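# Structural characterization, general
Residues per chain, in single letters:
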Amino acid sequence: MDATAMEKLTGAFPQAKCFRVLDTVVMEVAADDLHQTLKRLKGESDLGYTLLLDVTAIDYLHYPGHRGPRFAVVYTLRNWEKNRLVQVKVAVADADRGLPTATTIWEAANWGEREVYDQYGIRFSGHPDLRRILNHWQFQGHPLRKDYDITKRQVCYETDSLEGPIKDRLNKRGISDTILKDINTEVMFLNLGPSHPATHGAIRILTALDGETILGNVNEIGYLHRGFEKTAEQRTYNQIIPLTDRLNYCSALMNNIAYVKAVESWLGVEITERARFMRVVLSEFFRIQDHLVCLAANLVDMGGLTNYWYLYNEKEASYDFISRLTGARLTSTFTRVGGMYRDFYEGWEDDMERQLKDIEKGVADSLALVLQNRIVHERTQNCCPLSGDRALEFGFTGPTLRASGVPFDLRKDNPYYNYEAFDFNIPVGTRGDIYDRMMVRFEEIFESIKIIRQAMKMIPGGPVFIDDKKVALPPKSEVYSNIEALASHFKLIFEGVRVPRGEWYDSYEAANGELGFHFVSDGSGTPYKCKVRPPCFYIMGGFHEMVEDQMVADAVINLGSINIIGGELDR
């Protein structure tokens, strides 16, 4: 965030308290000013914060020294063209009275505010559909409140019919019972999912159909909600790393890296150059794995089983290599705050190059079956399109946003880990249809291969961990022979890395888009709050607009094209 952006915000909003945290400007505003502030931040061209990244809340009930209202709500916004980040924070005097909704400003606020209501019990007046989203509809209480009893077991005994939401959606689209009678049509309601074979993850997609055409759609998620954020409040910062593996498990190590990068940014820790390059190599290799899974599943949904084997075989072979590289195939927990678990083994470069060549061949074989295939073209081109403006409205990031023609990628626009030193392109689509979403991922695989090969040539030697006894575990040989090293080891294991008090947001270009972490630290070795900004969540929030007026079969392959991962979506 440059000084000019800070000056613009303080000048435009003199009533707000503005201050800088890392590369983010935080604006504290009064509840009465919230709606107008958000509207101006998005609508005024010299501000241009058109992308609502996330909505979250903070419960200060047990925060040391806090005075003031118990709750606060935070809207995280981005000006993607100038890569400026702002967080609008507002205190909530009464959770039941709540705040005015931002759904009239951004479509993304619909799901974001629903999550805040579900987890914290803060209401948003004027919200069109304020109901639970991650916890089931019979759930009592709000689990991210600090006084919630985490031992309270709550079971859902009845399914939610979703009759009200689907009828509201039809009415919003101007489709009423009277119109349907006039055209002699009977609407059929059909559930796609939550059975896994019908959908890529346990997701319930309720459709209202005229024949095979989707008139209206509402979605129910939360079937894989595991309470990541509540669990993180009971773990040290390093103990949370295995939990991040299980977010997007198709590219697990990218979650590890995004998480520790966020913690290190607040600590002011500069990891070693070798660790930086290791993280780049691993990130891009796992980006390839994620895209291989997405494309293989998407093509098999269209009946292209041969494509599936061309792509998935290489992904499966890669996991054997990953196991040698990190010690585990799927969930490796290979990073640590301050560095890496260990160095790569000797000779890994030759094995990596062999894997890259095999992947290139598999992808080329698959593309040979796809690029001039009339069936694939007719099934995917102009199917479930979403324009760039609408993609931004719903908070899309990553390949799905770039497929809609918006060339935003954190690796280029806000580079980290020496990404500015690599020569690579950002593939961008034009129509934002299923074809574009597929082809952007195909091209990103080749670009990631280019980055890995450059990083392999540039990677230096040296340690993979910083030399800081407050962060890094001492060598075992010293632990067994030196009392100071033993004490340091004991404190880091039992108390964790002590992180200074404060609140901050940091993000990373993961395989599906911007993966962000919003932390609140009370100065201890465990986070007071750890909020994940999962790219899948907001992408799924725009699914209904992509499939309405399309065919039932199109909805299935569209779900594959946006690559929803249940562990990341529900957390």
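Residues numbered from 1 in each chain as written. Predicted model: local features only at pLDDT ≥ 70, side-chain atom pairs only at ≥ 80, totals over all residues. Heavy atoms only, no water.

### Some words on the overall build of the protein
Going by this rule: Strands are runs of DSSP state E lasting at least 2 residues, helices are runs of H or I lasting at least 4, and numbering of each runs from the N terminus. Radius of gyration: over C-alpha atoms. The globule rule applied is 2.2 Å multiplied by the number of residues raised to the 0.38 power. Note on contacts: a residue pair qualifies if any of its non-hydrogen atoms lie within 4.5 Å across the two residues. Here, Shrake-Rupley sampling with a 1.4 Å probe gives the accessible areas, and only protein chains in the shown set may cover a residue. By the counting scheme adopted, Arg and Lys are positive, Glu and Asp are negative, and His together with the chain ends is not counted. Lysine's charge is taken at NZ, arginine's at CZ, aspartate's at CG and glutamate's at CD.
Tallying secondary structure elements over the protein gives 22 helices and 15 strands in all. Its C-alpha atoms give the protein a radius of gyration of 24 Å, within 12% of the compact-globule value 25 Å for 571 residues. With the C-alpha coordinates of the protein rotated into their principal frame, the extents come out at 85 × 60 × 50 Å. Put simply, 68% of the contacts in the protein that link residues at least 6 apart link residues at least 24 apart. For the protein, the exposed area adds up to about 22700 Å²; of that, 50% sits on carbon and sulfur atoms. Positive and negative side-chain charges of the protein, numbering 66 and 79 respectively, have mean locations separated by a distance of 3 Å.

### Re the sheet that holds strand S10 (residues 213–220)
Counted only if it meets this: When DSSP finds two or more bridges between a pair of strands, those strands are recorded as paired. With axes taken as lines fitted to C-alpha atoms, and helix axes fitted only over the stretch in contact, angles between N-to-C directions fall between 0 and 180 degrees.
With respect to topology, three strands assemble into an open sheet ordered S8-S9-S10, the strand pairing being antiparallel. Two strands close off the open sheet at either side, each with one partner strand: strand S8 (188–192) and S10. For this sheet, the mean inter-axis angle between neighbouring strands, taken without regard to orientation, is 25 degrees. Bridge count between S8 and strand S9 (residues 204–210): five bridges; the pairing is antiparallel. Among the inter-strand pairings, Leu-190 is bridged to a residue of S9, identified as Thr-207.

### Some points on the pairing of strand S2 (residues 24–29)
Within a regular beta strand, the side chains point alternately toward one face of the sheet and then the other, so they alternate between its two faces. Let me state the cut-off plainly: Summary of the burial criterion: residues with accessible area below 20% of their type's maximum are buried, those above 50% are exposed, and those between are partly exposed, where the area comes from a 1.4 Å probe applied to protein chains only.
In terms of residue burial, S2 counts as a mostly covered element, since five of its six residues are buried. As judged from the five bridges shared by strand S1 (residues 17–21) and S2, these two strands associate in the antiparallel manner. Each residue of the ladder has a partner; that of Cys-18, found in S2, is Met-27. Taken together, S1 and the strand that follows it, S2, pair antiparallel across an intervening segment of two residues, in which Leu-22 is found at a positive phi of about 55 degrees. As judged from the six bridges shared by S2 and strand S5 (residues 84–92), these two strands associate in the parallel manner. In the sheet register, Val-29 faces S5, and the bridge partner there is Val-90.

### As for the sheet that holds strand S3 (residues 51–59)
If you walk across this open sheet you meet the five strands as S1-S2-S5-S4-S3, and the pairing is mixed. Only two strands of the sheet have a single neighbouring strand rather than two, namely S1 and S3. Here the strands of the sheet are splayed against their neighbours by 20 degrees on average, with no regard to which way each runs. Two strands pair when backbone bridges link them, and strand S4 (residues 71–79) and S5 are joined in this way by nine bridges, in the antiparallel orientation. Across the sheet, residue Val-73 finds its bridge partner in S5, namely Val-90. Here helix H3 (residues 109–120) sits on the sheet in contact with S3 and S4, set at roughly 10 degrees to S3.

### Some remarks on the packing of helix H11 (residues 348–370) against helix H16 (residues 434–458)
Going by this rule: Should an angle fall under 35 degrees it is called roughly parallel, over 145 degrees roughly antiparallel, and 65 to 115 degrees roughly perpendicular, with every other angle called oblique. Two helices crossing with the near one rotated counterclockwise from the far one by less than a right angle form a left-handed crossing, whereas a clockwise rotation gives a right-handed crossing.
Where H11 meets H16, the axes come as close as 11 Å, and the angle between the chain directions of the two elements is 160 degrees. With respect to each other, H11 and H16 are oriented roughly antiparallel. The crossing of H11 and H16 is left-handed. On H16, the residues touching Trp-348, Glu-349, Met-352, Glu-353, Leu-356, Lys-357, Ile-359, Glu-360, Val-363, Ser-366, Leu-367 and Val-370 of H11 are Met-439, Phe-442, Ile-445, Phe-446, Ile-449, Ile-452, Arg-453 and Met-456.

### Comments concerning the pattern of salt bridges
Applied cut-off: Salt bridge, as used here: a side-chain nitrogen of Lys or Arg that lies within 4 Å of a carboxyl oxygen of Asp or Glu.
According to the stated counting rule, one finds 43 salt bridges in the structure shown. Ionic pairing is found between Lys-146 and Glu-233, a salt bridge with its closest N-O pair at 3.3 Å. In this pair, Lys-146 is assigned in the loop between strand S7 (124–125) and helix H4 (163–172) and Glu-233 in the loop between helix H6 (228–232) and helix H7 (241–245), connecting sequence segments 87 residues apart. Judged by its relative accessible area of 18%, Lys-146 is buried. A salt bridge links Asp-351 to Arg-354, with the nearest nitrogen and oxygen atoms 2.7 Å apart. With Asp-351 and Arg-354 both in helix H11 and three residues apart, this pair spans about one turn of that helix. Here Asp-351 falls in the buried class, since its relative accessible area comes to 15%. Judged by its relative accessible area of 46%, Arg-354 is partly exposed. Beyond isolated ion pairs, a larger network of salt bridges with shared partners links Glu-284, Arg-287, Arg-402, Asp-409, Arg-411, Glu-444 and Glu-509.

### A few points about the environment of Lys-315
Within the secondary structure, Lys-315 is located in helix H10 (residues 305–326). Through-space distance from the C-alpha of Lys-315 to that of Ala-403 is 23 Å; in sequence the pair is 88 residues apart. Among all residues touching Lys-315, those that are not within four sequence positions of it are Gln-289, Leu-292 and Val-293.

### Brief notes about unusual backbone geometry
Phi is positive for Leu-162, which is not a glycine, with a value near 60 degrees. In this structure, Leu-162 sits in the loop between S7 and H4. By relative accessible area, which is 1% here, Leu-162 ends up buried.

### Side note on the nonpolar core
Our working rule: Joining through side-chain atoms within 4.5 Å is the link that ties buried Ala, Val, Leu, Ile, Met, Phe, Trp, Tyr and Cys residues into a set, and such a set is a nonpolar core.
With 161 residues, the main nonpolar core has Val-73, Tyr-75, Leu-77, Ile-122, Tyr-259, Phe-517 and Met-540 as its most contacted residues. Top element by residues in this core is helix H9 (residues 273–301). It accounts for 14 residues. Core analysis: the next-biggest nonpolar cluster, separate from the first, contains nine residues, Leu-162, Ile-166, Val-187 and Leu-206 among them.

### Things to note about H10
The line we're drawing: Multiply 1.5 Å by the residue count of a helix minus one, and that product is the helix's expected span.
Here H10 contains 22 residues, and its C-alpha end-to-end distance of 31 Å stays within 8% of the 32 Å for a straight helix at 1.5 Å per residue. Those residues of H10 lying buried are Asn-307, Tyr-308, Leu-311, Glu-314, Lys-315, Ser-318, Tyr-319, Phe-321, Ile-322, Leu-325 and Thr-326. Where H10 is buried, its residues contact helix H8 (252–267), H9, H11 and H16. Immediately downstream of H10, the backbone of Gly-327 shows phi near 100 degrees, a positive value.

### Quick notes on the packing of aromatic side chains
To keep things clear, this is the line we draw: Classification of ring pairs rests on two measures: the distance between centres of Phe, Tyr or Trp rings, Trp counted by its six-membered ring, which must be within 6.5 Å, and the angle between planes, read as stacked under 30 degrees, edge-to-face over 60 and tilted in between. Note on criteria: charge over ring means Lys NZ or Arg CZ within 6 Å of the ring centre, with the direction from the centre no more than 35 degrees off the ring normal.
Taken as a whole and assessed by the stated rule, the structure comprises 25 aromatic pairs. Their ring planes at 70 degrees and their centres at 5.8 Å tell us that Tyr-419 and Phe-422 sit as a pair that is edge-to-face. As far as burial versus exposure is concerned, Tyr-419 and Phe-422 are alike and both buried. The ring of Tyr-528 has Lys-146 sitting right over it, with the charged end atom 3.9 Å from the ring centre.

By themselves, these are just geometric observations and shouldn't be taken as functional.
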